[in-house]
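Examination of the molecular architecture
Residues per chain are reported as follows:
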2 protein chains.
Amino acid sequence: MQTLQAQVGSAPHAVGDQTGKSVELAPGVALAGFTMRFERNEEIFAEEEEADFVYKVVSGAVRDVRILSDGRRQIGAFHLVGDVFGLECGETHLYSAEAVVDCEIALVRRSALDKAADQDGAAARKLWDLTSRDLLRLQDHMLLLGRKSALERVASFLIRMSTRGAAGEAVDLPMSRSDIADYLGLTIETVSRTFTQLERDRAISMPSSRHIVLHNRLAMADS
Amino acid sequence: MQTLQAQVGSAPHAVGDQTGKSVELAPGVALAGFTMRFERNEEIFAEEEEADFVYKVVSGAVRDVRILSDGRRQIGAFHLVGDVFGLECGETHLYSAEAVVDCEIALVRRSALDKAADQDGAAARKLWDLTSRDLLRLQDHMLLLGRKSALERVASFLIRMSTRGAAGEAVDLPMSRSDIADYLGLTIETVSRTFTQLERDRAISMPSSRHIVLHNRLAMADS
DNA sequence: CGTCCCCTTGAGTTATTTCAACACTCGTGG
DNA sequence: CCACGAGTGTTGAAATAACTCAAGGGGACG
C-alpha cells in the first residue's frame, strides 16, 4: 500500500510550487499548501494512516470509503469541488479516501493547521465547525440508510447532488453506479432499476447514465 | 412542546444546587453546572431548539432521535452513564434527545463552555475531540446500517453495549425492543426473532428480555 | 474490429417486513 | 387477593422489497 507520505517524498504527482500556494479551508482560514493530482480510483489516504494533511478538492470528486473484512463496502460521503476532507481531530484517518475521477487536490499540512488553531481561537472554532457539519450530514445519511426505501434513497441522493452543483435541475454524476450503490446501501442493479423507474415516471430525464435532469415531481419521491 | 428553557425557569425537575456543582465534560474540562431529573420518555431537548446547554448522563440512559414526516424514526445513538451529549458547534440542536428511562442529567451552560474554550486552547481542542468521537461512532453505525444483515446488526449492538457496561459478559439493556429496532434500522419483530435465534444458537442467554449474557461465539456473528 | 468495462434488464430467490395473534409483567382498583 | 388493562415482547404465516444470478447492450479505446 503506497502511503501519501511516500508519494509526497518522491512527489510523483505533485504539481505547482510546494511552498507558497494559499488554500482556503474555511472562510477566513487560509494556509500555505500545495496541489497534487490523483487519477481515477487512486487512493488519496488510507484508513489508519497518519493524518498529516488536510485536503480540499480543486477539481474532480472524491469518495470516503469503509470496508468490511469480507469486502462489503460503504461510501460515507462524496466530496465535490470546494469541499474540504480528511480533517481529523485525532492522529489517524478513520476511513480511506479515493479519487472518483482524475482529481486535483490541494493539501495543507496538519502541523500548520494546529499552529493556526493554537494562535487563533476563531480559526480553531472554524475547524470544529467543519467537523460538526460533517456530523450533521452523516446524521441525515444515517436516517436515509436506516429508514428509507430504495426509491427514496435515490431521489434524496439526486436532490442532494443537485443542490451542490451549479445549475438547479441538471446534475452530472461523476461516480459509477457501483459508487452510488455503496453510498446508498443498495446494489447496482437496484440503483439502475430505480433510475429507470424514475425516468419512466417522468421524475427525471437521463440523456446519458451520468447526466440527469431533475423534474419537479421528483421531490414527491423524497421524504 | 415544553422547552427546556421553560423547565429551567420554573425548575420543576431541578435538583441539587444550581450554582456550584462541577461537571466534568472531558478529562481536565470541568465547569459549573446543575442536575435535573427526567422521567422515562420525557424530551430533554428538541430538534431545531436553541442549544443553550450541554448535557452529561449522571444516571439512566438517553436516546438521540430523528423523525421523518411520516413517523419513521431513526435513533442515532444511546448515551449511558458518563456520556456527554447535546454538544453542538452551531446554534441549534440537530436532533432531539429523550430519556430512555428515568434519568438524572447534569447540565452546563453553553455560554460557560464557550468562555472556557476561548480562554483555553486545550479545552477548545477537547470539545472538538468530543464531536470528532461522535463522528467516528456515526461512521461505524453507517456501515452497520448500509451493509450489515439483521443478525450482524444485533450482534454488533450487543458487543458494543457490552464494552460500555461494567462487566465483560452480562449486559443490561435499558431500552425497549422498539428503541433497538429504530437504532438498528430494523423492525421490532426482526429484533425479537434475532435475539431468539442467538439464544437458540447459544451465542447469548436471556434471563429476561432486558438482561443478556454474551457467550464468546457471539463474536462470530459480528463483522 | 474486438475487448473491456459499465450499465441495463429479466427471472427467480430470500431476508426482512407486515399483519395478526398470543404471552408476560406490572400496576391499579375492585 | 384477584381481576383487569395497558404496555411490551414473542411467534407464526403471508407478502414484498431488494438481492442474486445470468444474459445482453453500448460506448470507449487500442
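So, here is what we can say about the structure in this document.

1. Things to note about the packing of aromatic side chains
Ring pairs (aromatic) are described by centroid distance and by the angle formed between their planes. Tallied over the entire structure, the rule returns 18 aromatic pairs over all chains. Judged by centre distance (6.5 Å) and plane angle (55 degrees), the ring pair of B:F53 and B:Y55 falls under tilted. Judged by its relative accessible area of 2%, B:F53 falls in the buried class. Classification of B:Y55 by relative accessible area gives buried; the value is 1%. Ring-pair connections join several aromatic residues into one group, and the members of that group are A:F34, A:F45, A:F53, A:Y55, A:F85 and A:Y95.

2. A look at the side chain of A:H79
All names here are of chain A. Tracing the chain through its elements places H79 in strand 7 (residues 73-79). A polar side-chain atom of H79 sits 2.9 Å from a polar atom in the side chain of D64. Apart from the residues within four sequence positions on either side, H79 is in contact with V57, G60, A61, V62, D64, V84 and F85.

3. A few points about the protein's contact with DNA strand D
Near DNA strand D you find 17 residues, and of these A:A150, A:T190, A:R193, B:R177 and B:T196 are the closest. Sugar plus phosphate, as a fraction of atoms of DNA strand D within 4 Å of the protein: 65%. Between DNA strand D and A:T187 there is a distance of 3.2 Å, counted from a phosphate oxygen to a side-chain nitrogen or oxygen. B:S192 has a polar side-chain atom sitting 2.9 Å from a phosphate oxygen of DNA strand D. In terms of residue count, the dominant contributor to the surface near DNA strand D is helix 6 (residues 188-200) of chain B (four residues). Broken down by class, the residue content of the surface near DNA strand D amounts to two nonpolar, eight polar and seven charged.

4. Regarding the sheet that holds strand 9 (residues 96-99) of chain A
Residues and elements named next belong to chain A. Overall, antiparallel pairing links the four strands, which are arranged 4-9-6-7 in an open sheet. Looking at the sheet topology across the chains shown, the edges are occupied by strand 4 (43-45) and strand 7. Each strand axis lies, on average, 35 degrees off the axis of its neighbour in the sheet, ignoring direction. Examined bridge by bridge, strand 4 and strand 9 share two bridges and lie antiparallel to one another.

5. Describing the relation of the copies chain B and chain A
For the pair chain B and chain A, the best superposition has an RMSD of 0.0 Å and corresponds to a rotation of 180 degrees with a translation of 0.0 Å parallel to the axis. Taken together, the turn and the small shift mark the pair as related by a two-fold rotation axis. A shared interface surface links the copies, since 100% of the contact residues of chain B are contact residues in chain A too.

6. Describing the pattern of salt bridges
Applying the stated criterion to the full structure yields 30 salt bridges over all chains. A:R147 is the partner of B:D182 in a salt bridge, and the nearest nitrogen-oxygen pair spans 2.8 Å. Residue B:D182 is located in helix 5 (residues 177-184), and its partner A:R147 is located in helix 3 (residues 121-147); the two belong to separate chains. A relative accessible area of 12% means that B:D182 is categorised as buried. Each of A:R63, A:R73, A:E98, A:D179, A:D182 and B:R147 takes part in salt bridges that share partners, so that together they form one network.

7. Regarding the protein's contact with DNA strand C
In the region of DNA strand C, 17 residues are neighbours, and A:R177, A:S192, A:T196, B:T190 and B:R193 sit closest. Counting only the atoms of DNA strand C within 4 Å of the protein, the fraction contributed by sugar and phosphate is 62%. With respect to DNA strand C, the side chain of A:S192 contributes an N or O atom lying 2.8 Å from a phosphate oxygen. Between DNA strand C and A:T196, the relevant distance is 2.6 Å, taken from a phosphate oxygen to a side-chain nitrogen or oxygen of the residue. Elements with a minimum of two residues in the surface near DNA strand C: helix 6 (188-200) of chain A together with helix 6 of chain B. For the surface near DNA strand C, the element with the most residues is helix 6 of chain A, which contributes four residues. The class makeup of the residues in the surface near DNA strand C is two nonpolar, eight polar and seven charged.

The rules behind the values
In every chain, residue numbers begin from 1 and rise along the written sequence. Chains and ligands are labelled sequentially in the order written, the chains with letters from A and the ligands with numbers from 1. Side-chain atom pairs in this predicted model are given and counted only at pLDDT of 80 or more, local residue features only at pLDDT of at least 70, and totals for whole chains, interfaces and linings cover all residues. Note that water and hydrogens are dropped before the side-chain values are worked out from all heavy atoms of the structure. Between rings of Phe, Tyr and Trp, where Trp is taken as its six-membered ring, a pair exists when centres lie within 6.5 Å; planes separated by under 30 degrees are stacked, by over 60 edge-to-face, and by other angles tilted. Burial here depends on accessible area, computed with a 1.4 Å probe over protein chains only, as a share of the maximum for the residue type. Under 20% is buried, over 50% is exposed, and the range in between is partly exposed. In DSSP terms, a helix is any run of H or I states spanning at least four residues, a strand is any run of E spanning at least two, and both are numbered starting from the N terminus. The term polar contact refers here to a pair of N or O atoms within 3.5 Å; inside protein, the definition further demands a hydrogen-donor-capable atom paired with an acceptor-capable atom, and it admits residues adjacent in sequence only when both atoms are side-chain atoms. We call two residues in contact when some of their heavy atoms are within 4.5 Å. If even one non-hydrogen atom of a residue comes within 4 Å of a molecule or strand, that residue is called near it. Throughout this entry, Asp, Glu, Lys and Arg are counted as charged residues, while Ala, Val, Leu, Ile, Met, Phe, Trp, Tyr, Cys and Pro are counted as nonpolar. The remaining residues, Gly among them, count as polar. Two strands are counted as paired when DSSP detects at least two bridges linking them. The angle between two axes is taken between their N-to-C directions and runs from 0 to 180 degrees, where each axis is a line fitted to C-alpha atoms and a helix contributes only its stretch in contact. A residue counts toward the fit only if its pLDDT is at least 70 in both copies, and the copies are then superposed by least squares on the C-alpha atoms of those residues. When a carboxyl oxygen of Asp or Glu lies within 4 Å of a side-chain nitrogen of Lys or Arg, that pair is called a salt bridge.

Purely geometric numbers; function is a separate question.
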